[in-house]
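Each chain, written out:
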Amino acid sequence: MEKWSLMTLTVLLALTVRWAVSLGSYSGAGKPPMYGDYEAQRHWQEITYNLPIRQWYFNTSDNNLLYWGLDYPPLTAYHSFVCAYIAKLINPDWVALHTSRGYESQPHKLFMRTTVFVADLLVYIPAVILYCFSLKETSAKKKASTCALCILLYPGLILIDHGHFQYPLSLGLALWAVLCLSHDWDLLGSMAFCLALNYKQMELYHSLPFFCYLLGKCFKKGLKGKGLVLLAKLAGTVLVSFAACWLPFGTDVEQIMQVLRRLFPIDRGLFEACMFSSPTHCPDKVANIWCSLSVLIKIKNVISPRTQLKLSFAVTFLSLLPACIKLTVQPSLRGLKFALVSCALSFFLFSFQVHEKSILLVSVPVCLIINEIPFMATWFLLVSTFSLLPLLLKDELLLPYAVTTPAFLAVCLASFSILEKTSAEDLQLKAFSLSLKGYVSWFKSFPRIVRSLFLLSLALMGALSVLSAAVPPPQRLPDLFPLAVAVVSCLHFLLFLLYFNVVILWDSKNRGQKKIS
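The model shown is predicted, which means the values in this text are computed figures rather than measured ones.

**Overview of the overall build of the chain**
Next up, step 1: Counting its regular elements, the chain contains 21 helices and zero strands.
Next up, step 2: Against the 2.2 N^0.38 benchmark of 24 Å for 517 residues, the chain shows a C-alpha radius of gyration of 23 Å, consistent with a compact globule.
Next up, step 3: Counting every position in the chain, which comprises 517 residues, the buried fraction comes to 54%.
Next up, step 4: Within the chain, counting contacts between residues at least 6 apart in sequence, those at least 24 apart form 78% of the total.
Next up, step 5: Roughly 23100 Å² of accessible area belongs to the chain as shown, and the carbon and sulfur atoms make up 68% of that amount.
Next up, step 6: Positive and negative charge centroids in the chain, built from 44 and 28 side chains respectively, lie 10 Å apart.

See below:
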């Protein structure tokens, strides 16, 4: 009973924080003609409820794709339809075709916010709780609730889901997939991830680690026996899951191709530039390598879109290859979690058309290892939240950002004593440090150096946050502070990518993992 009491208090605190953030502004509030992601979600409800399925992804007189056209997979559309059905029962004006465009009211805001709460309560939060209880390292009652508290108070996800406005379903389903795999429920795990991928195509960031882990598991079992049977079952599960999600579109090849064109608009070029951004302002403020390089080299003007695509694919593939090979050869749950972090970060830094919110696809897997490397996980989660600052300022979410971020740091400091866990062993770098022994003399002072860099990083992020919020930029450089945030965050992420790959490649023990037989 005690462990559930602690966990109940943890969930109540997490819900209270979410409720407080939801009272504030949201993406595009009162900003016609396009408004923002809040209006996009409302508009998808309008479209899916009023139009037949065959028109959901096509440009028609009733469905102008230039106005928040549906560009997510079928499960997002089905979810929008369910929300729209409930909205219609409460107030038909909320989803009326054409006339509801840009609809804003307090009752409707309450309804929309409630749908996010329900998604959190039904999918994401239960997955976090069960995951924390399943951790061997956190078998003590207090440890499980502490780990859950840190994960559920991660400010980046709260500010985007309950402030900016977004549903946590794809990330929640991916968590369920990890949870199922941790109990050797491979088919359920595969199905859960297929559902995540069919809710948001950005779950491709996580696809290779899941694939390599399960393939490696089949290899370990032997492809002439149990491994072949498991491989056949997994293939069948994936096919059935995709067939069920795409069934309404499967009768027409053109329907399928149109959906795919909407999901992967490669003709836009390398950047996630919003076509409605002001031409006098740079819309590319994502903390990845391409946007950071564009400060010095205007890649869009030098390289053709097709070449950009090929370059992006090549760099992304090469950067995630080591982690994927290691996971295939030595499949383990611990290896899966670290590979999810590394591969998602490679996608974020180097892939095609990255949105600033995509950093959450890296952050959630980092949350899964916060009990193993609390110092580095906390540092990364703080940087990932900081990287969202330009978007949060645009959505008038400065106050929630200023409150939730220090609060999260305080919780992590109190829960894990992170500043005391900076040794090579604590950071999972003991094997790497031994391989460098005799070559690098400063490893003895490594903990002090890491702590100093952490404090310097916090000071830099704090200073840029204050400048971004309080100081007007020079007229000649209107995007100075957003670009500074992006570049600083990108440099952090590059170092984190190097760190996570070192941990993966030098880890030969896969501690605490069940033997695959």
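**Side note on unusual backbone geometry**
Next up, step 1: Here the residue pair Pro-32 and Pro-33 is connected by a cis peptide bond, since its omega of 5 degrees sits within 30 degrees of zero.
Next up, step 2: Backbone geometry places Tyr-35, a non-glycine residue, at a positive phi of 60 degrees.
Next up, step 3: Topologically, Tyr-35 is positioned in the loop between helix 1 (2–22) and helix 2 (37–50).
Next up, step 4: Notably, His-98 is not glycine yet its phi reads approximately 75 degrees, a positive angle.
Next up, step 5: Tracing the chain through its elements places His-98 in the loop between helix 3 (74–90) and helix 4 (106–134).
Next up, step 6: Residue classification places His-98 among the partly exposed residues on the basis of a relative accessible area of 41%.

**Description of helix 10 (residues 253–263)**
Next up, step 1: Buried residues of helix 10: Gln-255, Gln-258, Val-259, Arg-262 and Leu-263, and no others. Seen from one end, helix 10 has its buried residues packed into an arc of 140 degrees, which puts them on one side.
Next up, step 2: Check the buried side of helix 10 and you find it contacts helix 9 (204–246).
Next up, step 3: For helix 10, the side-chain oxygen to backbone nitrogen distance between the N-cap and Glu-254 is 3.0 Å, and the N-cap itself is Asp-252.

**Description of the domain arrangement of the chain**
Next up, step 1: Segmenting the chain into domains produces domain 1 (168–263) and domain 2 (265–507).
Next up, step 2: With centres defined by C-alpha atoms, the gap from domain 1 to domain 2 works out at 27 Å.
Next up, step 3: Counting residues at the interface gives 23 residues for domain 1 and 24 residues for domain 2.
Next up, step 4: Taken together, domain 1 and domain 2 are joined by zero salt bridges.
Next up, step 5: Where domain 1 meets domain 2, there are one residue pair in polar contact (both at pLDDT 80 or more).
Next up, step 6: Every element with two or more residues in the side of domain 1 that touches domain 2 is listed here: helix 7 (169–182), helix 9 and helix 10.
Next up, step 7: Counting residues per element, the side of domain 1 that touches domain 2 draws most heavily on helix 9, which supplies 13 residues.
Next up, step 8: Here the side of domain 1 that touches domain 2 is built from residues that sort into 15 nonpolar, three polar and five charged.

**Focus on the packing of helix 20 (residues 446–470) against helix 21 (residues 480–505)**
Next up, step 1: One can describe the packing of helix 20 onto helix 21 by two numbers: an axis separation of 10 Å at closest approach and a directional angle of 160 degrees. Relative to helix 21, the element helix 20 is oriented roughly antiparallel. Like other packed secondary-structure pairs, helix 20 and helix 21 cross with a definite hand, here left-handed. Every residue of helix 21 that contacts helix 20 at Ser-457, Leu-460, Leu-464, Leu-467 and Ser-468 is listed here: Phe-481, Ala-484, Val-485, Val-488 and His-492.
Next up, step 2: Taken together, the residues that form the contact of helix 20 with helix 21 break down as seven nonpolar, three polar and no charged.

**Side note on the pattern of salt bridges**
Next up, step 1: Within the structure shown, the criterion is met by 10 salt bridges.
Next up, step 2: Salt-bridge contacts for Lys-217 lead to Asp-184; the nearest nitrogen and oxygen are separated by 2.9 Å. Taken together, the positions of Lys-217 in helix 9 and Asp-184 in the loop between helix 7 and helix 8 (186–197) put the pair 33 residues apart, joining distant regions of the chain.
Next up, step 3: Judged by relative accessible area, which is 4%, Lys-217 ranks as buried.
Next up, step 4: You can call Asp-184 partly exposed: its relative accessible area is 40%.
Next up, step 5: The closest approach of N and O atoms between Arg-261 and Glu-254, which form a salt bridge, is 2.6 Å.
Next up, step 6: Glu-254 sits in the partly exposed class, given a relative accessible area of 39%.
Next up, step 7: One salt-bridge network, held together by shared partners, links Arg-334, Lys-337, Glu-372 and Asp-507.

**Topic: the side chain of Ser-80**
Next up, step 1: With respect to the helices, strands and loops of the structure, Ser-80 is situated in helix 3.
Next up, step 2: For Ser-80, a relative accessible area of 3% corresponds to the buried category.

**So, the packing of aromatic side chains**
Next up, step 1: Counted under the stated rule, the structure contains 24 aromatic pairs.
Next up, step 2: Ring geometry for Phe-165 and Tyr-167: centres 5.6 Å apart, planes at 80 degrees, overall edge-to-face.
Next up, step 3: Looking at Tyr-167, the relative accessible area reads 3%, which means it is buried.
Next up, step 4: Ring pairing ties together the aromatic residues Phe-348, Phe-375, Trp-379, Phe-380, Phe-454, Phe-493, Phe-496, Tyr-499 and Phe-500, which thus form one cluster.
Next up, step 5: A cation sits over an aromatic face here: Arg-101 above Tyr-67, 3.7 Å from the ring centre.

Each value, and the rule that gives it
- Residues numbered from 1 in each chain as written.
- Predicted model: local features only at pLDDT ≥ 70, side-chain atom pairs only at ≥ 80, totals over all residues.
- Heavy atoms only, no water.
- Helix = DSSP H or I, 4+ residues; strand = E, 2+ residues; numbered from the N terminus.
- Rg over C-alpha atoms; globule rule 2.2 N^0.38 Å.
- Buried < 20%, exposed > 50% of the residue type's maximum accessible area, 1.4 Å probe, protein only.
- Contact = heavy atoms within 4.5 Å.
- Areas by Shrake-Rupley, 256 points an atom, 1.4 Å probe, with all protein chains shown as cover.
- Lys, Arg positive; Asp, Glu negative; His and termini not counted.
- Charge placed at Lys NZ, Arg CZ, Asp CG, Glu CD.
- Arc of directions from axis to C-beta.
- Polar contact = N/O pair within 3.5 Å; in protein donor to acceptor, adjacent residues only side chain to side chain.
- Domains from an automatic or database assignment.
- Salt bridge = Lys/Arg side-chain N within 4 Å of Asp/Glu carboxyl O.
- Nonpolar A, V, L, I, M, F, W, Y, C, P; charged D, E, K, R; others polar.
- Axes fitted to C-alpha atoms, helices over the stretch in contact; angles between N-to-C directions.
- Parallel < 35°, antiparallel > 145°, perpendicular 65-115°, else oblique.
- Left-handed = near helix turned anticlockwise from the far one by under 90°.
- Phe/Tyr/Trp six-rings, centres within 6.5 Å; stacked < 30°, edge-to-face > 60°.
- Lys NZ or Arg CZ within 6 Å of the ring centre and 35° of its normal.

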